[in-house]
Amino acid sequence: MSQHAPNLRIPVLRRVVVTGSAGFIGSRLAHALVQAGTAVIGVDRRDAATDPLAAANLAPLLGQPEYEHVTADLLSCAIEPHLSDADAIFHLAGVPGVRPSWGPRFGDYLASNVLATHRVLEACSRIGLARVVVASSSSVYGPTDGGASVETDSPQPASPYAVTKLAEEQLCLAYARRLGGPSVVALRYFTVYGPRQRPDMFIHRVLHAALTGKPLHLYGDGLQRRDFTYIDDAVAATIAAGIAPAARGPINVGGGATASLLEVIDIAKSLVGREIRLHQGPAPNGDIVTTRADLTRTSEVLGWRPHVDLHSGMHSHMEVLACQLGASGERPDEPSLASTHRLSR
Ligand code: NAD
Ligand code: UGA
């Protein structure tokens, strides 16, 4: 666990289901819940025996008495048996990523993000599960004028991925409005980073480039801004959404400040003490220029706010990645500045 790991006491959640538990956010959420004494059933279609990324994500969980893992595809598996006696489901399984959603994989996005979610909701309704927390996305907002996005803003998804995430959250909210439906919280996560971030994502790639000396592919001019959210903050907000009695509907989960990609590159350079070779290319279709979360409703309803600033979060992320690269023999030399930097909160 990183030094930012939340110290959570979770009296209300005895037993929960986490889907996508072999993924980045799901595995970290499952681990935080287990550490707090909640019994967790994790469901994911990736198999730790054959998928090294899933194996790394699941390593802290497998073997823990409070954690039970089910390798299964939500498109076809029996879901209800896992839900019986659960207080809540955290439905994080899905196919993420804006850029590949334009290609032939769209069917996979649709299947996992919409059809699998429909199966989850049917199962929740049949057994009368009280609370569903679903992973939505800041991408549902689409292009902004640079100002903060509020949950009541009209969504304008600008990529096939974002369309499926909007369909997913709206499907969940439709089930919530149905008589006897579960109460649903749709968390609109804003670009989450930290140790074990998906390797297709920007901060992982910047730190990887800084640590290995390999080039970084920068899409566009680097002036895109993101409300980067540290993983432990995202996990704490997710757990709060499973507990807070008044939590309903869409809720933003953002890091509390935006930074441009060029600023992220500068932080990585200073943390590692090395220049980063840039290969610049065009901005991808559907790439949003600025994401920024309005956190008013989040703090009112969840009693949550982010704690980890970008420099501090990237420092933790970099330290874990450096260890992983060292263990795999991928890192050619030692970073020169990493150990001299102090954490600032
Ligand atoms: P991830 O790819 O690391 O994890 C998703 C997991 O879901 C994977 O392990 C995958 O195997 C599993 N999965 C997909 N389809 C499945 C199916 N049909 N049955 C069973 N398991 C299935 O992604 P992540 O970054 O951890 O994102 C988790 C969720 O949060 C996703 O729904 C994503 O859309 C959403 N989200 C992520 C971010 C972010 O910055 N990482 C931001 C906004 C929203
Ligand atoms: C991320 C996740 O990948 C989505 O699954 C999620 O839904 C979304 O956040 C969200 O907030 O809702 P994105 O913001 O595109 O999407 O995050 P990154 O993949 O980390 O990309 C951030 C920026 O870096 C983008 O402008 C992208 O074009 C750029 N980038 C990414 C590069 O310049 N080079 C790369 O190698 C990767």
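What you see is a predicted model; the values in this text were computed from it and never measured. (Residues numbered from 1 in each chain as written. Chains lettered and ligands numbered in written order. Predicted model: local features only at pLDDT ≥ 70, side-chain atom pairs only at ≥ 80, totals over all residues. Heavy atoms only, no water.)

Trainee: When you look at the site of ligand 2 in this model, what are you seeing that I'm missing?
Mentor: Inspection of the region around ligand 2 gives 23 residues, with Ser137, Ser138, Tyr161, His217 and Arg226 positioned closest. The separation between an oxygen atom of ligand 2 and a polar main-chain atom of serine 139 is 3.3 Å. Here an oxygen atom of ligand 2 and a backbone polar atom of threonine 191 are 2.8 Å apart. The fraction of the free accessible surface of ligand 2 (700 Å²) that becomes covered by protein chains is 96%. Listed by contribution, the elements that provide at least two residues to the shell around ligand 2 are helix H6 (202-212) and strand E8 (216-219). (Near = heavy atom within 4 Å. Polar contact = N/O pair within 3.5 Å; in protein donor to acceptor, adjacent residues only side chain to side chain. Areas by Shrake-Rupley, 256 points an atom, 1.4 Å probe, with all protein chains shown as cover. Helix = DSSP H or I, 4+ residues; strand = E, 2+ residues; numbered from the N terminus.)

Trainee: Could you clarify how one ought to interpret the site of ligand 1 in this entry?
Mentor: Surveying the vicinity of ligand 1 reveals 26 residues, the closest of which are Phe24, Asp44, Tyr161, Lys165 and Val192. Residue leucine 74 places a main-chain N or O atom 2.9 Å away from a nitrogen atom belonging to ligand 1. The separation between an oxygen atom of ligand 1 and a polar side-chain atom of tyrosine 161 is 2.7 Å. Isolated, ligand 1 exposes 810 Å² of accessible area, and the fraction of that covered by the protein chains is 95%. The set of elements that each furnish at least two residues to the shell around ligand 1 consists of helix H1 (24-35), strand E5 (131-137) and helix H5 (160-177). Residues that form the shell around ligand 1 fall into these classes: 13 nonpolar, 7 polar and 6 charged. (Nonpolar A, V, L, I, M, F, W, Y, C, P; charged D, E, K, R; others polar.)

Trainee: So what exactly am I meant to see when it comes to the sheet that holds strand E4 (residues 88-91) here?
Mentor: Through backbone hydrogen bonds, the strands of a sheet pair up, either in parallel or in antiparallel fashion. Taken together, 7 strands build an open sheet; the order of strands is E3-E2-E1-E4-E5-E6-E11 and the sheet is parallel. Strand pairing shows two members of the sheet lacking a second neighbour, strand E3 (67-71) and strand E11 (249-253), which therefore form its edges. Averaged over all neighbouring strand pairs, the angle between strand axes comes to 20°, with direction disregarded. Packed onto the sheet, H5 meets E4, E5, strand E6 (183-189) and E11 and runs at close to 160° relative to E5. (Pairing = 2+ DSSP bridges. Axes fitted to C-alpha atoms, helices over the stretch in contact; angles between N-to-C directions. Contact = heavy atoms within 4.5 Å.)

Trainee: Explain the packing of aromatic side chains to me, please; I cannot follow it from the model alone.
Mentor: Geometrically, a pair of aromatic rings is defined through the distance of the ring centres and the angle of the planes. The final tally for this structure, using the stated rule, is 4 aromatic pairs. Considering the side-chain rings of tyrosine 193 and tyrosine 230, the 5.4 Å spacing of their centres and the 70° angle between planes classify their relative orientation as edge-to-face. Highlighted residues: tyrosine 193 in strand E7 (residues 192-193) and tyrosine 230 in strand E10 (residues 229-230), separated in sequence by 37 residues. For the pair tyrosine 193 and tyrosine 230, one class covers both residues: buried. A network of ring pairs unites the aromatic residues Tyr193, Phe228 and Tyr230 as a single cluster. (Phe/Tyr/Trp six-rings, centres within 6.5 Å; stacked < 30°, edge-to-face > 60°. Buried < 20%, exposed > 50% of the residue type's maximum accessible area, 1.4 Å probe, protein only.)

Trainee: So what exactly am I meant to see when it comes to the confidence of the model for the protein here?
Mentor: Do not read the fine detail of predicted coordinates wherever pLDDT is low. Confidence in the prediction of the protein, expressed as mean pLDDT, is 93, and 92% of residues score 70 or more. Per-residue pLDDT stays below 50 along residues 337-345; that stretch engages in 21 contacts with residues further than four places along the chain or on separate chains. (pLDDT = per-residue confidence, 0-100.)

Trainee: Would you take a moment to explain the state of the cysteines for this structure?
Mentor: One way to say it: the disulfide is the covalent bond shared by the sulfur atoms of two cysteines. Applying the stated criterion across every chain yields a total of 0 disulfides. There is no disulfide at cysteine 124, and the cysteine sulfur nearest it, in cysteine 172, is 8.5 Å away. Taking the relative accessible area as the measure of exposure, cysteine 124 reaches 0% and is therefore buried. (Disulfide = S-S within 2.5 Å.)

Trainee: Would you mind going over the pattern of salt bridges with me for this structure?
Mentor: The tally for this structure, following the rule as stated, stands at 16 salt bridges. When the shortest N-O distance is used, the salt bridge between glutamate 122 and arginine 126 registers 3.7 Å. Of this pair, glutamate 122 and arginine 126 both sit in helix H4 (residues 106-127), separated by 4 residues, roughly a single helical turn. Between arginine 198 and aspartate 200 there is a salt bridge, with its nearest N and O atoms 2.9 Å apart. A relative accessible area of 29% places aspartate 200 in the partly exposed class. It is possible to trace a salt-bridge network through shared partners that takes in Arg45, Asp73, Arg105 and Asp108. (Salt bridge = Lys/Arg side-chain N within 4 Å of Asp/Glu carboxyl O.)

Trainee: Would you take a moment to explain the pairing of E5 for this structure?
Mentor: Residues in a regular strand point their side chains to alternate faces of the sheet. The buried count for E5 comes to 7 of 7 residues, which makes it a mostly enclosed element. Where E4 lies against E5, 4 bridges are found, and the strand directions are parallel. Among the inter-strand pairings, isoleucine 89 is bridged to a residue of E5, identified as valine 132. In terms of strand pairing, E5 meets E6 through 7 bridges, oriented parallel. In the sheet register, valine 132 faces E6, and the bridge partner there is valine 184. Once the chain exits E5 it traverses H5 before rejoining the sheet at E6, and the crossover so formed is right-handed. (Right-handed = clockwise from strand over helix to strand, strands pointing away.)

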